[in-house]
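# Structure at a glance
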Amino acid sequence: MLTKFETKSNRVKGLSFHSKRPWILASLHSGVIQLWDYRMGTLIDRFDEHDGPVRGVHFHKSQPLFVSGGDDYKIKVWNYKMHRCLFTLLGHLDYIRTVQFHHEYPWIVSASDDQTIRIWNWQSRTCISVLTGHNHYVMCATFHPKEDLVVSASLDQTVRVWDIGALRKKTVSPADDILRLSQMNTDLFGGVDAIVKYVLEGHDRGVNWAAFHPTLPLIVSGADDRQVKLWRMNDTKAWEVDTLRGHMNNVSCVMFHAKQDIIVSNSEDKSIRVWDVTRRTGIQTFRREHDRFWILASHPEMNLLAAGHDSGMIVFKLERERPAFAVSGDSLFYAKDRFLRYYEFSNQRDTQVIQIRRPGSTSLNQSPRTLSYSPTENAVLICSDVDGGSYELYCIPKDSISRGDSVHDARRGIGGSAVFVARNRFAVLDKSSNQVLVKNLNNEVVKKSLLPIAADAIFYAGTGNLLCRAEDRVVIFDLQQRMVLGDLQTPFIKYVVWSNDMESVALLSKHAIIIASKKLVHQCTLHETIRVKSGAWDDNGVFIYTTLNHIKYCLPNGDGGIIRTLDVPIYITKVSGNTIFCLDRDGKNRAIVVDATEYIFKLSLFRKRYDHVMSMIKSSQLCGQAVIAYLQQKGFPEVALHFVKDERTRFNLALESGNIQIAVASATAIDEKDHWYRLGVEALRQGNAGIVEYAYQKTKNFERLSFLYLVTGNMEKLSKMLKIAEVKNDVMGQFHNALYLGNVRERVKILENVGHLPLAYITAKVHGLQEEAERLAAELGDNLPSLPEGKVPSLLMPPTPVMCGGDWPLLRVMKGIFDGGLDNIGRGTADEEYEAADGDWGEELDMVDADDLQNGDVTAILEDGEGGEENEEEGGWDLEDLELPPEADTPRASVNARSSVFVAPTPGMPVSQIWTQRSSLAAEHAAAGNFETAMRLLNRQLGIKNFAPLKSMFLDLQAGSHTYLRAFSSTPVITLAVERGWSESASPNVRRPPALVFNFSQLEEKLKAGYKATTAGKFTEGLRLFISILHTIPLVVVDSRREVDEVKELVIIVKEYVLGLQMELKRREIKDNPVRQQELAAYFTHCNLQLPHLRLALLNAMSVCFKAKNLATAANFARRLLETNPTNENQARTARQVLQAAERNMTDASQLDYDFRNPFVICGATYVPIYRGQKDVSCPYCSSRFVPSQEGQLCTVCDLAVVGADASGLLCSPSQIR
């Protein structure tokens, strides 16, 4: 049984598959109807209008309808698209057991506990026939799939077959007026629309279910007498054929399988049974632990079944439908029915080779699972699940491929899986001993090899190599050298597909595809929500695979996409060009032609084959938002530009690729304020002052213009801005510009004009403008403001710009292939825009660029009127002086003549961001300054909630992984990252992880210091050291797996000391409770300490108990002390004296909560023993144990984590992360 989907819910009483979509309806005992997508495993909808259990439910074959019947005597017809009940059919007087739509007419048949069966017309919403005759509850009623018959089962121990031919005739040709009267009579007194054809008697108890065979004149029924009966019928009579016995309780449902000659039944004995119709014997039984089965349903088109039980339902298949196949060069060998077949891809010829399976096998799942082929020896290995896993070896004579009817004897053997590993050698997995037997073609063992992992399957991995699969990993094993060549952790792998050159392998699991190299070095992983079915490599190294409903591709860099949708699942055998060869579930070969343009385009981009990309763009086989988005995401906005006609999108892409010229052209075309503003921002980023100025002028953004002139040191333009502000009567603008210019007289004038005379006076007075000051003083008279005493005024001058005039220097980069080659396609390029713009803009700009000026000193062009003259005064580049040949006036020539252009370098990613992106180690996040994610990681990995003790360490980590440089006095300090393991030879583009201030060797030093303090009896000092180790460990990073184990071991060692010392310090605080003092001293001896410290603890406990007259307990400590062979003679002598004293009087004066014979751990908070078998909770970080009442509290040992919290475990090394 292959379970495809399972739900947990209330008891399921009714089930129905949708004929086209992957949906199933489940009606529950609670009154809810659930609609599930069994392919995705999601609940799509729920309908809960019924009052009480819903026992029957059924999808309509073609309309978006389903019908349900419940214990509220109601039949409801629902429209699932509208998510509502359309109408309710009333008429039954008791619980409704089953409902079903007719496959052709607008009828519903329903069976009820009121002992009747009713047929309803759901279009006219009326009951058109009542079938009476049963004299107990009718448990089920169903239409025949083709004929005018209904079968019903009842607790009156009979199965009845009803003929509804008359009803059909009445529906097809409605009665004339004359017949209306007789029809009224029949309606009143029960008509003859439906008559009982047969009554089948034979069951000893009530019958729960009866069903027709889809094609043959057979009926199957199941009853409370625990039997399944098979009945045959002809035109005149029906009779019992056989009885199938085996169920141990009432049979609740039974049906014929649509595709195979089998009966499936389920029962309240918690089992589903499968029976052979021809042999009438049981083939298979599937049991559940606790759930009785109530209902079965089969898919109308596919090989799926569903069963409802007490706590949900399962959707399952009885057999795998995947044909076993092996591809060799241009040919394909595959198993179909009982034959091995041969298919040639080149001419698509399909021939039968040999007969393989013994016909009429009794059990399911006996068909071949895998097939392996050796082309040189023309031998085929076929593996199946027969006898718990076995193989058959066929050597095919060369002439046999064309004949195909001969029966060949096979060499057989038992083994989990078998594959060819060389020309005439094959390997067989022996699961019981976990070894591989290498055999020759005579089926004789040549060699045995023990496998490195507990493998449950083996696959071919190149000559002499095997790929072994375990539950959570795969390894490649060399049979000759008996060594592991590669190892990779993966989900459970189902299929393995090697590329044609054997350099790459695709590992297919249920929901993921892992691409790896031939040595199992991981390259990428793709996750799917829907089950992955098959795959093959194409000639370009792209992996093409299928899910249940798509053909998809996966590029070497992990990018994927959909090639096309599928109606039915297929199994890819080979990809050749744009043809995909595949097998379907019926074992038929199909060739599907697909459009490979999209993934070839993406592959060419990935492999930097820009000539291919160019030709594909030129022939414009691609377009669409997805491609543009992909190019943007992959950092090729300049390529995306050539797909786009829409000016707004062009503008965005031009800004992203730093192409100011196209951006200017698009902004001119769009001419909106927002776009000019964004152009200004980008031009400013590139330091192209001319275009910034132009953009600000277009948006009349005078404040920004003034500031731009200030930072570029353009004083003449600033004084012009002052005049403009004056004309516009913009007082603030005037004042600002005067401030920027350092023009004091102007500021005094402005303040005076707006009536701020005191301010004007102060400004004039402070700056030493005596005449103005006196004039203003006269005007102010008595209201003269006083200046502060003893202050020396200084002139507020505008700062000097770092760079005066011109544009910023940019890096010189070579023109990319796309810039030159793509300029002339797709649309009138930017240069035409310039010509059309009718201004001096474009031409001047291009020309200046051609002469290698930084960005073109565009100020000249932007000024109106006298701008040009000013520019000459500044000594700008005079184009006339160059005496250029006339062609140079056309911008087209100048653009294409350029061999290199200035392109703004793309901003890099901050190192701190690189560190956090690549790492799951909290210490590295803290070093990058990303404290929030560091805390989140520690919380997830170790359950830490109290971060107060870690605050200073976080700050140390961040400070320690950066160094700081001062550049100019006017610029901010530059931060530089300090990287771990940096060397001169390292590539400058590869960022290494951050240098960390805490390391493992420091902790070892601290541990030694802690030991020393403990030996000297400085417990407070020792405790401080040990706790500081516990606080540092989460922020330590080590390199190897061995060191990871050492770190984890250190946590355990330190935790024991912290707990012990806490108890000892607590004991010393207690003065008035001798019993508690003894208990704490005794518990201290059960901490896992170093031997010298253990001896001291034992000596301490012994003397405390001896003084308190607990001689028996003291003797126990003395005995334990002597067992450690103390090197200090004083200790040994004291212990022996205590033993002698105790032997005279083996008693305890007071009862202690301490039983040394019963193993225990100590609670870290309450310091009481937790004996073996008692419940406890532990700290997810330091693993200290606590009594259950402490759950959710802060751990008292490490003072960081929450007791009993969920956590994934300590992560302190990159080697732990795959």
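On a predicted model such as this, the values are computed, not experimentally measured, just so you know. (Residues numbered from 1 in each chain as written. Predicted model: local features only at pLDDT ≥ 70, side-chain atom pairs only at ≥ 80, totals over all residues. Heavy atoms only, no water.)

## Some points on the overall build of the chain
A count of helical and extended segments in the chain gives 34 helices and 63 strands. Across the 1218 residues of the chain, 52% fall into the buried class. Excluding contacts between residues fewer than 6 apart, the proportion of contacts in the chain whose partners are at least 24 apart in sequence is 48%. Split by element, the accessible area of the chain, about 57800 Å² in all, is 50% carbon and sulfur. (Helix = DSSP H or I, 4+ residues; strand = E, 2+ residues; numbered from the N terminus. Buried < 20%, exposed > 50% of the residue type's maximum accessible area, 1.4 Å probe, protein only. Contact = heavy atoms within 4.5 Å. Areas by Shrake-Rupley, 256 points an atom, 1.4 Å probe, with all protein chains shown as cover.)

## Focus on the sheet that holds strand E24 (residues 271-276)
The antiparallel open sheet is built from four strands, whose spatial order is E22-E23-E24-E25. Among the strands making up the open sheet, the edge pair consists of strand E22 (251-256) and strand E25 (281-287). Averaged over all adjacent pairs, the angle separating strand axes in this sheet is 20°, with direction ignored. Across five bridges, the pairing between strand E23 (residues 262-267) and E24 is antiparallel. Its bridge partner being in E24, Ser265 is matched across the sheet by Arg273. (Pairing = 2+ DSSP bridges. Axes fitted to C-alpha atoms, helices over the stretch in contact; angles between N-to-C directions.)

## Describing the pairing of strand E9 (residues 84-89)
Here strand E8 (residues 75-79) pairs with E9 via five bridges, running antiparallel. Bridged to Lys76 within E9 is Thr88. Between E8 and E9, which pair antiparallel in sequence order, lie four residues; one of them, His83, sits at a positive phi of approximately 55°.

## Examining the nonpolar core
Within soluble globular proteins, side chains that are nonpolar generally end up buried alongside one another. Membership of the largest hydrophobic core comes to 87 residues, with the highest contact counts inside it found for Leu938, Phe1026, Leu1030, Ile1033, Tyr1181, Cys1182 and Cys1198. Looking at which element gives the most residues to this core, the answer is helix H30 (residues 1041-1069), with ten residues. Dropping the residues within four chain positions of it, Leu938 is found in contact with Ala922, Gly943, Ile944, Phe947, Leu950, Phe954, Pro1034 and Leu1035. (Core = buried A, V, L, I, M, F, W, Y, C linked by side-chain atoms within 4.5 Å.)

## Quick notes on the UniProt feature "repeat: WD" (unreviewed entry) in the chain
In the UniProt entry, the feature "repeat: WD" (unreviewed entry) is given for residues 47-88, 89-130, 131-164, 200-241 and 244-285. Strand forms 59% of residues 131-164 and helix 0%; the C-alpha atoms that close the span are 10 Å apart. (UniProt positions renumbered as here; feature names shortened; annotations may be inferred.)

## Description of the sheet that holds strand E13 (residues 126-132)
In spatial order, the strands read E10-E11-E12-E13; together these four strands make up an open sheet with antiparallel pairing. Both outer strands of the open sheet, strand E10 (96-101) and E13, are each paired with one neighbouring strand and no more. Ignoring which end each strand starts from, the neighbouring axes of this sheet average 20° apart. Summarising the sheet, strand E12 (residues 116-121) and E13 pair through six bridges and their orientation is antiparallel. When the bridges of E13 are listed, Trp120 appears paired with Cys127. Most of the contacts of helix H1 (residues 165-172) go to strand E11 (residues 107-112), to which it runs at about 145°, and overall it touches E11, E12 and E13.

## Side note on empty space enclosed by the protein
One pass over the full model with this rule turns up four cavities of 30 Å³ or more. Its boundaries defined by the atoms lining it, the second largest cavity holds a volume of some 100 Å³. Its residues assigned to classes, the lining of the second largest cavity comprises four nonpolar, no polar and five charged. (1 Å grid on protein atoms, 1.4 Å probe; cavity = no way out; pocket = protein on both sides within 12 Å on 5 of 7 lines; lining within 4 Å. Points joined across faces, edges and corners; volume = space filled by probe spheres on them. Nonpolar A, V, L, I, M, F, W, Y, C, P; charged D, E, K, R; others polar.)

## A few points about the packing of helix H8 (residues 647-656) against helix H9 (residues 660-670)
In helix packing, the relevant descriptors are the interaxial angle and the interaxial distance, both defined with respect to the helix axes. Close contact between H8 and H9 brings their axes to 8 Å; oriented N to C, the two are set at 150°. In this view, H8 runs roughly antiparallel relative to H9, as classed from their interaxial angle. At the point where H8 passes H9, the crossing takes the left-handed sense. Judged by residue contacts, Glu647, Arg648, Arg650, Phe651, Ala654 and Leu655 of H8 engage Ile662, Ala663, Ser666, Ala667, Ala669 and Ile670 from H9. (Parallel < 35°, antiparallel > 145°, perpendicular 65-115°, else oblique. Left-handed = near helix turned anticlockwise from the far one by under 90°.)

## So, helix H17 (residues 770-780)
Among the residues of H17, Glu772, Ala773, Leu776, Ala777 and Leu780 are the ones counted as buried. Relative to the axis of H17, the buried residues are bounded by an arc of 135° and lie together on one face. What points out from H17, more than 90 degrees from its buried face, is the exposed set Glu771, Glu774 and Ala778. Buried positions along H17 lie against helix H15 (744-753) and helix H16 (757-766). Once H17 finishes, Gly781 follows within two positions and takes phi at roughly 65°, a positive value. (Arc of directions from axis to C-beta.)

## A word on the packing of helix H10 (residues 673-686) against helix H11 (residues 689-698)
Look at H10 against H11: their axes get within 8 Å of each other, and the N-to-C directions meet at 160°. Relative to H11, the element H10 lies roughly antiparallel. By crossing handedness, the relation of H10 to H11 is classed as left-handed. Seen from H10, the contacting residues are Trp676, Leu679, Gly680, Ala683 and Leu684; seen from H11, they are Ile691, Val692, Tyr694, Ala695, Tyr696 and Lys698. Along the lines of polarity and charge, the residues of the contact of H10 with H11 split into nine nonpolar, one polar and one charged.

## Digging into the side chain of Glu392
Tracing the backbone through its elements, the reader meets Glu392 in strand E35 (residues 390-395). According to the relative accessible area criterion, Glu392 is buried, its value standing at 14%.

## Side note on the packing of aromatic side chains
Applying the stated rule across the entire model yields 32 aromatic pairs. Taking the centre distance of 6.1 Å and the plane angle of 75° together, the rings of Phe420 and Phe426 count as edge-to-face. For the residue pair Phe420 and Phe426, the accessibility class agrees, reading buried in each case. Geometrically, the ring pair formed by Phe707 and Tyr740 is edge-to-face, given 6.3 Å between the ring centres and 65° between the ring planes. On the criterion of sequence distance, the pair formed by Phe707 in helix H12 (residues 702-712) and Tyr740 in helix H14 (residues 731-741) is long-range, its members being 33 residues apart. For Phe707, a relative accessible area of 43% corresponds to the partly exposed category. Lying across the ring of Trp294, Lys13 places its NZ or CZ 3.9 Å from the centre. Lying over the aromatic face of Trp239, Lys237 brings its terminal NZ or CZ to 5.2 Å of the ring centre. (Phe/Tyr/Trp six-rings, centres within 6.5 Å; stacked < 30°, edge-to-face > 60°. Lys NZ or Arg CZ within 6 Å of the ring centre and 35° of its normal.)

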